[in-house]
Each structure stands twice: as structure tokens, then as C-alpha cells.
Amino acid sequence: MKSKSAITFGGVISIVGTTLLAACGSNSATDTTKAKNKTLNVQTSSSLTTMDVSKSTDIVSAQTLNNTNEGLLKFGTNSSLHKALAKSWTVSNNGTRYTYNLRPSKWSNGDDVTAQDFVYSWQRIVNPKTASQYAYLFDNVKNATKINAGKLSPSQLGVKAVGKYKLVVDLNHAQSYFNQLVANPPQFYPPQNEKVVKKYGSTYGTTSKAMVYNGPFKLTGWNGTNDTWTMVKNKSYWGAKNVKLNQVKYWTVKDPQTSLSQYQAGKLDLTTLSGSQVQQFTKNKDYVLRNSASTFYLEMNEKKQPPLFKNTKARQALSLIANREQFVDKILKDGSLASNSFVPTKMQYRDGKDFAVVSEDKAMTSYNETKAKQLWKEALKESGKSSINLNLLSDDTASGKSTTEYLQSQFEKLPPGLKITNQNLPFKTRLARSSAGDFDLVVSAWSADYPDASSFLDLFTTNSSYNNGKWSNAEYDKLVKSASGSLANKPAQRWDAMLKANKLITDQAGGVIPLYQQAQPQLVKSNVKGVIYYPTGSNWDYSKAYLTK
């Protein structure tokens, strides 16, 4: 069927999408002429790790890529689906062939953006030599899994360019949310300039200069390690005339009080609040609270010796001793919600029912110290241990430190002799340690890549590259596989399979223990208008933002 300029996905994502301080009461073109300074200063708590769209995995990279690169489609206000490089598209009657018609556009070096750029990029992502952690999102594109397993050449991927501006994609089976995957964010299904990738080789995407851009902004001033970087308006962008800002400047400020001071001094236009700051500013005119489709969780390593966490009782004990309500109310105090489900709330609905609420398991996520101690003693006995020392890994941010300190105090209630050593490391180091399986316990987080429970559930199948703790359950694998395969065109049955999978992983504390659903309390200057926020994927779009003074 033919596309429309904007499609809202009913009860699935329009419920959670919000627009940040939309323009009110005045014409945006008039407002922007009043602003002498057209630079937006944004605080972030972590540094930028990569601009290689095939290798990006973290939210900071995703947010930067979302504003400097553009794919076929993009999300907008209220998570509506909009045309981007695709000016129209059609879907075959059986839902397995998507044809996208591209608009003429340019890379920042002057090269044309063509359908072949998508073909090359997608083949590069699924090529096992690239080692892209997002390759699994292409599993439903014809031949992708065999290519990623090294059984077929990347050239046999089910995508082809027909002429300069037509892209044809063949799927294994119908996938109701395929366009949502395509839209959010750009590192999922991006174009890449083959000439530029080959020019820079191993340094591609490691600095702002070793990259080329086709989005609203270009990245400048990033040498790969510095904590400040700037996005400047990309004059080669096809929609450049609608981009009002000249620059968006990112500042990495890990300490919440330092960030607040810089905001109050006028050095920042947007800053995230933390802990007691939230109560201080809830009635301030600049205060904004956003619910994110993001779950923070504890992952346990089943391969680390001794393999205590192969024992289900050991995992369940840690889940039950964690008093989530107390933690979010007394420690975080930032609007975050205690998690009773690995899949976050207000993300996916069916017949008005919230997936996370229907599948929650409060019996395994509610605080129960007595049962936790009993299960821990039994787990140690069954594992042949009388005591054990464990390292707990997390980021070196304020919330990361608060989380490890709280969990340490709770876990050390478990007898006999559990000793927890906290390790709070820079985000980049923590991420590398997690990916390498170099941890006993690690606090991680996942933000939905697209508004469907599979965005979370797919992570912890046995062979998932994100399953760092190596938990494995055949029944879970079967349920998740059926939801993405045989049941893909059977909405009711697919929903039930995913509900069962979410209940199973929560009940068994299967590799992960959900802790809390993140909220993002912020202060935003009143003259900032038109920034679009959506709770999945890369979150922020500055292409329509402007300043009124």
C-alpha cells in the first residue's frame, strides 16, 4: 500500500510519544529571527564512543547519529512515522517485499545519496567481519542470518538497488513493525558511503573528520576521546532550509550539581536532574519529566567461575532482596518506576492492555527478605559453597554509584558471608567489560529500539550477542523465535508467546533482574522550542528545534 506523510501507530506508540515544549502561539520563522544565538547547549552524562553506524550500541552515539545521519524513515511528534530519504513506499500483499522510492539528496562531501548506499551499508552490517551487535535486527531480511553466520556472501542479502533511487527489500516473512525498525534510529538501517568507509578503513567513525553525513547536522570537534563535541548545520542536507539551529553543542558533565550550576549560569540550555534536585525543581517552569522506554537491570555472569548463577535460586534470591520501591523512592528520587517486568510499561498495547502490566511477576520482583535468604542458603549449599565474594560493576555516574551502593547494602544481607566489591568505571570501560563477559554482576540498561516487546526479549536468547551473562533457556528461545517467525502474522498468538517469554525470564531471574524503569527529569530553558522527544531508540531530534531569544 502507499504511504502517507505521517502514520501514527495507534495504541502502540502514540501513547508514549511526547513533544518537548512545542511552539505555542507564534510563527516559528518569526521566533527564530529574534534569536541572535542559534546554538543549543545540551548536557550528557556519558562521552561519545563511536560514529560508525555499523558498530554503535549506546544511547549517546545513537542520539548524535540520529541528528547527523538520516535513513529511509524517521519518527516525529507523538512517535508518528514520517518520510525521510524515502519519499514514498509500497508493501506487497503478503507483506514480504518493501519498495522505497528515494528523494534526491547529498552527503556532506557532495556525493549523491543513492539506493546503492543502503545496499552497501546493510551488507556491511550483516557481514560477520564487521561484528555489528545490531546485525540481529536484520534477521528477517532474506539470507541475513546465513550471511551473519558466514554461510553466504553479503552480496546475497535480500536488498537491491533498482536504478539510482529505488530500494527493494525482501523479507523472510511478514513483519508488522518493519518500518519502525527502519525508522529508529539511523544506525539500524542506514545508508553508508562506501568510498568514505574504504578511505578511512579502521579509523572510520572514530573522529568527526573520519566520517561523512547526510542528516540535518554535521559533527565537528570530536577527536574520539574528548568530552565536548558540536553538531553544526549541514548545508548539504535535503531539508536544510527547515533547520533553524546553527549548532547543537554537547557537554559531558557527569556530576549533577556541576551540571545544574552550569544551567543556572546560562551555560547549558538542557540538563538532566538527579536525586534531591528533582524535588527542588518540580514546580519550576523549566521542569519537564519524561518516561523512557528504558529498563535498568542487573545481569549475572553464568560463565564466571564459580558458576553460581547457573543456579536459579541464586538469581531469584538477588531479585527478592532488592527493594525496588525503596530504591526509586528514597535513593533515586527522580521519577523512575520500580520494575516488575523486564519489558517497560507504556510501550506496547493490545486491546488497551499494557504488555508490561499483563506479564509482570510481582512475586519475583517484590521485596521478600525471608524468602531471599532461604533461597540463597539453598543455592550456596547446592553449589558446594559456604561463602562467596562478588564484584558488582556499573558506570561512574552519580546514579551508577548510587545503584551499586544500594545493591551492595541489600545483597550483603544474604547469609552467610556474601561480600560485594563495587567497581564504578567510565561508561566506555564498563561497556567493554560487559561485552567481554569480564564481570560477576553488572548493572546495565536497555532502551527500546522500537516499540515492541521483542526489542527487549530478543536480547537474552541463547545466541544473542547482548546476552553477556550467557543465560540459556530452551523454552524461552522457542517462545521468542515463534514470536518473530511462525507467529509474526498472527497478532493474538504472537502477543501470547511474548507474554509467556517475559513472565519466564522474570520468574527465573533469567540472566537479568529488572530494577527500575528510567524517567528523565530535566530543566529546559523556556526559549527552547520544537525539540522532539520519543521514548524509544535515540530519543532526541533537533532538526526542528529553535531558540526564541
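Residue positions are counted from 1 within each chain, in the order its sequence is given. Note on the predicted model: pLDDT of at least 70 is required for a residue's local features to be given, and 80 or more for side-chain atom pairs to be given and counted; whole-chain, interface and lining totals, by contrast, use all residues. Here the side-chain values reflect all heavy atoms present in the structure, with hydrogen atoms and water set aside.

J.: Please clarify how the overall build of the chain should be interpreted in this entry.
T.: Within the chain, the regular secondary structure consists of 19 helices and 25 strands. Here the C-alpha atoms of the chain give a radius of gyration of 23 Å, agreeing with the 24 Å that 2.2 N^0.38 yields for 549 residues. Only protein chains enter the accessibility calculation, which uses a 1.4 Å probe. A residue is then buried if its area is under 20% of the maximum for its type, exposed if over 50%, and partly exposed in between. For the chain, with 549 residues in total, the buried portion stands at 58%. Relative to all contacts within the chain whose residues are 6 or more apart in sequence, the contacts with residues 24 or more apart total 71%. Helical segments are the DSSP runs of H or I of at least four residues, strand segments are the runs of E of at least two, and each set is numbered from the N terminus. The globule rule is 2.2 Å times the number of residues to the power 0.38, and the radius of gyration it is compared with is taken over C-alpha atoms. Residue contacts are defined here by distance: any two heavy atoms, one from each residue, within 4.5 Å place the two residues in contact.

J.: Explanation requested: helix H11 (residues 324-332) in the structure shown.
T.: Considered for burial, the residues of H11 that qualify are Arg324, Phe327, Val328 and Leu332. Projection of H11 onto a plane perpendicular to its axis shows the buried side chains occupying an angular sector of 90°, all on one side. Looking at the packing, one finds that the buried side of H11 touches helix H10 (312-321), strand E15 (337-338), helix H13 (362-365), helix H15 (398-411) and strand E21 (512-524). Within two residues after H11, Lys333 carries a phi angle of roughly 50°, on the positive side. It is the directions from the helix axis to the C-beta atoms that the arc portrays.

J.: When you look at the packing of helix H18 (residues 474-484) against helix H19 (residues 491-507) in this model, what are you seeing that I'm missing?
T.: The description of two helices packed together rests on the angle between their axes and the distance between the axes. Where H18 contacts H19, the axes come no closer than 9 Å and their chain directions differ by 150°. Taken as axis vectors, H18 and H19 run roughly antiparallel relative to one another. At the point where H18 passes H19, the crossing takes the left-handed sense. Across the interface between the two elements, Glu475, Tyr476, Leu479, Val480, Ser482 and Ala483 of H18 pack against Arg494, Ala497, Met498, Lys500, Ala501, Leu504 and Ile505 of H19. Asp, Glu, Lys and Arg are counted as charged, while Ala, Val, Leu, Ile, Met, Phe, Trp, Tyr, Cys and Pro are counted as nonpolar; the rest, among them Gly, fall into the polar class. Residues that form the contact of H18 with H19 fall into these classes: nine nonpolar, one polar and three charged. Every axis in this analysis is a line fitted to C-alpha atoms, fitted for helices over the stretch in contact. Angles between the N-to-C directions lie between 0 and 180 degrees. Reported orientations rely on four angle classes, namely roughly parallel under 35 degrees, roughly antiparallel over 145, roughly perpendicular from 65 to 115, and oblique for the rest. By definition, any crossing whose near helix is turned counterclockwise from its far helix by less than a right angle is left-handed, and any crossing with a clockwise turn is right-handed.

J.: Help me out: how do you make sense of the layout of surface pockets in this one?
T.: Empty pockets left among the atoms are what a rolling probe the size of a water molecule brings to light. A cavity here means a set of points on a 1 Å grid, drawn over the protein atoms and nothing else, where a 1.4 Å probe fits but cannot get out; a pocket is an open set with protein on both sides within 12 Å along at least five of seven lines, and a residue lines either one if it has an atom within 4 Å of a point. Grid points are joined across faces, edges and corners, and a volume is the space filled by probe spheres set on the points. Roughly 910 Å³ of internal volume is contained in the largest pocket. Along its surface, the largest pocket is lined by 32 residues, and Tyr136, Asp139, Thr145, Thr461 and Ser484 are the ones closest to its centre. Among the elements of the structure, helix H5 (144-148) and H18 are those that each provide at least two residues to the lining of the largest pocket. The element that contributes the greatest number of residues to the lining of the largest pocket is H18, accounting for four residues. In the lining of the largest pocket, the residues fall into 12 nonpolar, 16 polar and four charged.

J.: Please explain the nonpolar core as it appears in this structure.
T.: To define a nonpolar core, start from buried Ala, Val, Leu, Ile, Met, Phe, Trp, Tyr and Cys residues and group those joined through side-chain atoms within 4.5 Å. Tyr100 and Tyr542 are the most contacted members of the largest nonpolar core, which totals 105 residues. Contact partners of Tyr542, with chain neighbours within four places excluded, come to Leu40, Val42, Asn67, Phe217, Met231, Leu245, Val248, Tyr250 and Val531. One finds Leu380, Phe411, Leu441 and Ile513 within the second-largest nonpolar core, a separate group that totals 36 residues.

J.: So what exactly am I meant to see when it comes to the environment of Gly485 here?
T.: The residue Gly485 is located in the loop between H18 and H19 in this model. Using a relative accessible area of 23% as the deciding quantity, one classes Gly485 as partly exposed. Distance from Gly485 to Ser45, taken between C-alpha atoms, is 38 Å for residues 440 residues apart in sequence.

J.: So what exactly am I meant to see when it comes to the packing of aromatic side chains here?
T.: Each pair of aromatic rings is reported with the distance of its centres and the angle of its planes. Note on aromatic pairs: the rings of Phe, Tyr and Trp (six-membered ring only in Trp) are paired at centre separations within 6.5 Å, and the planes decide the class, stacked below 30 degrees, edge-to-face beyond 60, tilted for the rest. A full pass over the atoms with the stated rule returns 26 aromatic pairs. Taking the centre distance of 5.5 Å and the plane angle of 55° together, the rings of Tyr237 and Trp238 count as tilted. Given the relative accessible area of 8%, Tyr237 is considered buried. Between Tyr297 and Phe460, the ring centres sit 5.8 Å apart and the planes meet at 90°, which makes this aromatic pair edge-to-face. Residue Tyr297 is found in strand E14 (residues 287-300), and its partner Phe460 is found in the loop between helix H17 (454-457) and H18; the two are separated by 163 residues along the sequence. Here the guanidinium or amino end of Arg103 rests over the ring plane of Trp238, the centre of that ring lying 3.8 Å away. Placement of a positive charge over a ring is assigned whenever Lys NZ or Arg CZ falls within 6 Å of the ring centre and within 35 degrees of the normal to the ring plane.

J.: Can you help me understand the packing of H11 against H15 in this one?
T.: Where H11 meets H15, the closest approach of the two axes is 11 Å, and the angle between their N-to-C directions is 135°. Overall, the two elements H11 and H15 adopt an arrangement that is oblique. Two packed elements cross with a definite hand, and for H11 against H15 that hand is right-handed. Each of Gln326, Phe327 and Ile331 in H11 lies in contact with H15, whose residues at this interface are Ser402, Thr403, Tyr406 and Gln410. Here the residues of the contact of H11 with H15 are counted per class, giving three nonpolar, four polar and no charged.

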